[in-house]
Amino acid sequence: MGLPPLRSLVLLHFGDDPAPLAPGRVWPDPPRPARSDAGAGIHRAQNERLCSGHFPDRVPVGEPPSGSARHGPLLDGTDVRVREAHREPATEAQTCFKGSVVKDKVPIVILGGGVGGLAVGWFLLRTGRYEVTVVERDQVIGGHCGSFVYDGFTLDHGPHKIYSVIPGVLDEIRTLMSGRLIEHKKRHSIYLNGRLLSYPLEMGNLARVLGPRHFAGLGMSYGISILKRLLPHTDPSSYEEYVVRRFGRGVYELVFEPLAWKVWGDPAILHPDMARTRIPSAGAGDLILTLLHLKQASSDTNAETFYYPRRGFGDLPQTMADYIAKRGGHILVNSQAIRLNRSDASITSVTIRSNGAIRTLPCRFLVSSLPLSLLGGLVYGEGDEDFVRTVGSLRFRHLVLVYVFINQPRILDDHWVFFPEREFLFSRVSEQKLMNVELGPPDRTVLCCDFTASEGDEVWSLTDDELATRCVSGLVKAGFVSAKDVQHCLVKRSENFYPVYDRSYEQSMKAVSEKLHGTENLLTTGRIGMYNYNNSDHCVDMGRFIADRLAKGASPPVIWTELERRVRSYRIVD
Ligand SMILES: Cc1cc2nc3c(=O)[nH]c(=O)nc-3n(C[C@H](O)[C@H](O)[C@H](O)COP(=O)(O)OP(=O)(O)OC[C@H]3O[C@@H](n4cnc5c(N)ncnc54)[C@H](O)[C@@H]3O)c2cc1C
């Protein structure tokens, strides 16, 4: 088998969490117009105003017109006010816990009302055997999949779409949402060397952007990587090694390395699982066939379409919550577990503070989607230094979202635009109105810049004003907006939401889960609860799996072990 033609270099993708993805669609069908000029994907009306505006030294942050809620950090008290001001009236099930245990039903308490926790409640109640209570710290349910209303827009916490390759999961979601999903043909692009390129990259575009020498260099290093893969080799020991072997050093340095730095930090110390999750790996043979156009890229690596809830992504968790309420489940907002009461190796009840009052909820099983450190504190107290140290070694990055409110009806053509280059603070830009034009007023729009940061690093230390100013100047530089059209910005920060698989994470995770397995009736789920880099469809899968296995009589430690194996196979599909 010969080497693939150079145009196979075009087969790079980026994920929904801002991270690179796998080979995918070979040549789009129908082909998308090449867009190699900077800002060519931007509306003409916008381009006409480029560079004509004065860029303010300081972008007003969180100063929306009167009547709007104030901005604030995600999930803290301020943000609660934002969302409280706009949430739907609470249902009876959301506000009132009756404290009774329904006869013959098994009481289960679920900690956390994001999609992770809600999905467990949804599937448990479907069996008709359980009395479910969800305990949510915030004033509203949904977590990072929730939407909020701000200055006339319904906004998500960064760009969210629904797609899944896990058998049956998409059908479950479609049935639950009964006709309230919009199907979109996916459009992604990447901003490189001052140009906006459509994805998958096309050879012609890439060659024009990089110039012949750089392009030939990439081709050479890619060819070498293909040859090396055909020779016997050991498993890669880092993200860097994994990607270099797969795409060659040239492509790694152009795209994957800078993007990895932005999302997770130094790629040389990242575990190869980080790449495996974000860069699904067909075998070398499959890859070459795909590159030679003898085999179509599968929907496992590249989704051509995706779904979006018409009323905003938050309609997904809201519909799960409605299902729970309708089936007699309880959802307690503004509530937190303060103590787990035990008998030997089991938790018998959970003491919570709910709207200021102390209550005790009996439970046969406890399912947690809380951070493992928080759960560990509840289970073992702060005194278990070994556990605290091990769980503390599981690293996270924080999420930053900067929403830029703009006096233009629309800006982008693509659902996501990726920015791997370091001169831009953000790693991705998205526009809410592209998901559903009805989610904002006709004459204005919002661009959302998303990126990550680490505790104490330069980015996290910036003030909200500085973050907003850096994002706006990046958008102006890319030709997306004219500064005079920028009205104001909203900054949201969410701590510890991006698990970072470093080289020791497997060992730490093993120690943490072995310790927690000691509690006989405890399970964890969700993105942070499982320390698993995942999407909402994976949370739905976990909920379904847990409910199914419990209903079949499996014990939580057994289910947990199976679940850990299952989540290791999750891949984020673009
Ligand atoms: C920028 C970005 C883009 C994404 N894009 C997509 C996408 O396109 N498609 C997709 O499917 N997924 C996407 N995801 C991933 C998705 O957001 C997560 O998989 C999902 O939100 C995880 O849900 P969860 O319930 O595990 O966690 P969370 O959403 O964080 O929910 C946890 C809940 O627990 C509550 N809580 C915390 N502490 C306590 C406590 N002590 N007591 C009680 N409650 C507590 C929180 O308030 C929260 O409601 C994206 C994520 C990001 C950041």
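In this text the structure is predicted, and so the values were computed from the model without any measurement.

**Side note on the sheet that holds strand S11 (residues 330-332)**
Here is step 1: Strand order in this open sheet of five strands is S11-S4-S3-S15-S21, and the pairing throughout is parallel. A strand with exactly one partner marks an edge of an open sheet, and here the two such strands are S11 and strand S21 (522-524). Each adjacent strand pair in this sheet contributes to an overall mean axis angle of 20°, direction not counted.
Here is step 2: Here strand S3 (residues 106-111) pairs with strand S15 (residues 365-368) via four bridges, running parallel. Paired with Ile 110 across the two strands is Val 367, which belongs to S15.
Here is step 3: The strands that helix H18 (residues 536-551) touches are S3, strand S4 (130-135), S15 and S21; relative to S21, the one it contacts most, it runs at about 155°.

**Some remarks on the site of the ligand**
Here is step 1: Residues in contact with the ligand amount to 31 residues; listed here are only the nearest, Glu 136, His 144, Lys 161, Arg 527 and Ser 536.
Here is step 2: Separating an oxygen atom of the ligand from a backbone N or O atom of Gly 116 is a distance of 2.8 Å.
Here is step 3: The separation between a nitrogen atom of the ligand and a polar main-chain atom of Pro 159 is 3.1 Å.
Here is step 4: When the ligand is considered free in solution it has 1,000 Å² of accessible area, and contact with the protein chains removes 97% of it.
Here is step 5: Within the residue set of the shell around the ligand, elements represented by two or more residues are helix H4 (115-127), strand S12 (335-343), strand S20 (486-500) and H18.
Here is step 6: Tallying contributions element by element places H18 first for the shell around the ligand, with three residues.

**Some remarks on the sheet that holds strand S14 (residues 357-362)**
Here is step 1: The strand order across the open sheet built from three strands is S12-S13-S14, with neighbouring strands paired in antiparallel fashion. Since the sheet does not close on itself, it has two edges, and those belong to S12 and S14, each with one partner. Across the sheet, the mean angle from the axis of one strand to that of its neighbour is 25°, orientation sign disregarded.
Here is step 2: Taken together, the eight bridges between S12 and strand S13 (residues 346-354) define a ladder with antiparallel strand orientation. Bridging from a neighbouring strand, Leu 340 pairs with Val 350 of S13.

**Examining the state of the cysteines**
Should the sulfur atoms of two cysteines be covalently bonded, the bond is a disulfide.
Here is step 1: Tallying each qualifying case throughout the model produces zero disulfides.
Here is step 2: Of all cysteine sulfurs, the one in Cys 539 lies closest to Cys 145, which takes part in no disulfide; the gap is 6.8 Å.
Here is step 3: Cys 489 forms no disulfide, and the closest cysteine sulfur to it belongs to Cys 471, at a distance of 7.5 Å.
Here is step 4: The exposure class of Cys 489 is buried, given its relative accessible area of 0%.

**Concerning the side chain of Ser 335**
Here is step 1: Mapping Ser 335 onto the fold places it in strand S12.
Here is step 2: Residue class for Ser 335 comes out buried when judged on its relative accessible area of 1%.
Here is step 3: For Ser 335, the side chain forms a polar contact with the main-chain oxygen of Val 333, separated by 2.8 Å.
Here is step 4: Apart from the residues lying within four places of it in its own chain, the contact partners of Ser 335 are Val 135, Glu 136, Arg 137, Ile 352, Arg 353, Ser 354 and Asn 355.

**Regarding the packing of aromatic side chains**
Any two aromatic rings considered together are summarised by their centre-to-centre distance and by the angle between their planes.
Here is step 1: According to the stated counting rule, one finds 22 aromatic pairs in the structure shown.
Here is step 2: With a centroid separation of 5.1 Å and 85° between ring planes, the pair formed by Phe 396 and Tyr 531 is classed as edge-to-face. You can see Phe 396 sitting in strand S16 (residues 395-406) and its partner Tyr 531 sitting in the loop between S21 and H18, a full 135 residues away along the chain.
Here is step 3: Relative accessible area serves as the criterion here: at 2%, Tyr 531 is assigned to the buried category.
Here is step 4: Summarising the aromatic geometry, the rings of Tyr 505 and Tyr 531 are spaced 6.3 Å apart at their centres and angled 40° between planes, so their arrangement reads as tilted. Taken together, the residues span a long stretch of sequence, with Tyr 505 in helix H17 (residues 505-516) and Tyr 531 in the loop between S21 and H18 at a distance of 26 residues.
Here is step 5: Judged by relative accessible area, Tyr 505 falls into the buried class, the value being 5%.
Here is step 6: Members of the aromatic cluster, each reached through a chain of ring pairs, are Tyr 191, Phe 419, Phe 424, Phe 426 and Phe 480.
Here is step 7: Lying over the aromatic face of Trp 416, Lys 161 brings its terminal NZ or CZ to 5.3 Å of the ring centre.
Here is step 8: Above the plane of the ring of Phe 148 lies Lys 492, whose end atom (NZ or CZ) is 4.2 Å from the centre.

**Side note on the environment of Gln 139**
Here is step 1: For Gln 139, the location among the structural elements is in the loop between S4 and strand S5 (147-150).
Here is step 2: Residue class for Gln 139 comes out buried when judged on its relative accessible area of 14%.
Here is step 3: In sequence terms Gln 139 and Leu 332 are 193 residues apart; their C-alpha atoms lie 9.0 Å from each other.

**Considering the environment of Leu 522**
Here is step 1: The residue Leu 522 is located in strand S21 in this model.
Here is step 2: Under the relative-accessibility criterion, Leu 522 is labelled buried at 0%.
Here is step 3: Sequence-distant contacts of Leu 522, that is, excluding residues within four places in its chain, are made with Ile 347, Leu 366, Leu 375, Val 379, Leu 516, Pro 556 and Trp 560.

Thresholds, definitions, all that
Residues numbered from 1 in each chain as written. Predicted model: local features only at pLDDT ≥ 70, side-chain atom pairs only at ≥ 80, totals over all residues. Heavy atoms only, no water. Pairing = 2+ DSSP bridges. Helix = DSSP H or I, 4+ residues; strand = E, 2+ residues; numbered from the N terminus. Axes fitted to C-alpha atoms, helices over the stretch in contact; angles between N-to-C directions. Contact = heavy atoms within 4.5 Å. Near = heavy atom within 4 Å. Polar contact = N/O pair within 3.5 Å; in protein donor to acceptor, adjacent residues only side chain to side chain. Areas by Shrake-Rupley, 256 points an atom, 1.4 Å probe, with all protein chains shown as cover. Disulfide = S-S within 2.5 Å. Buried < 20%, exposed > 50% of the residue type's maximum accessible area, 1.4 Å probe, protein only. Phe/Tyr/Trp six-rings, centres within 6.5 Å; stacked < 30°, edge-to-face > 60°. Lys NZ or Arg CZ within 6 Å of the ring centre and 35° of its normal.

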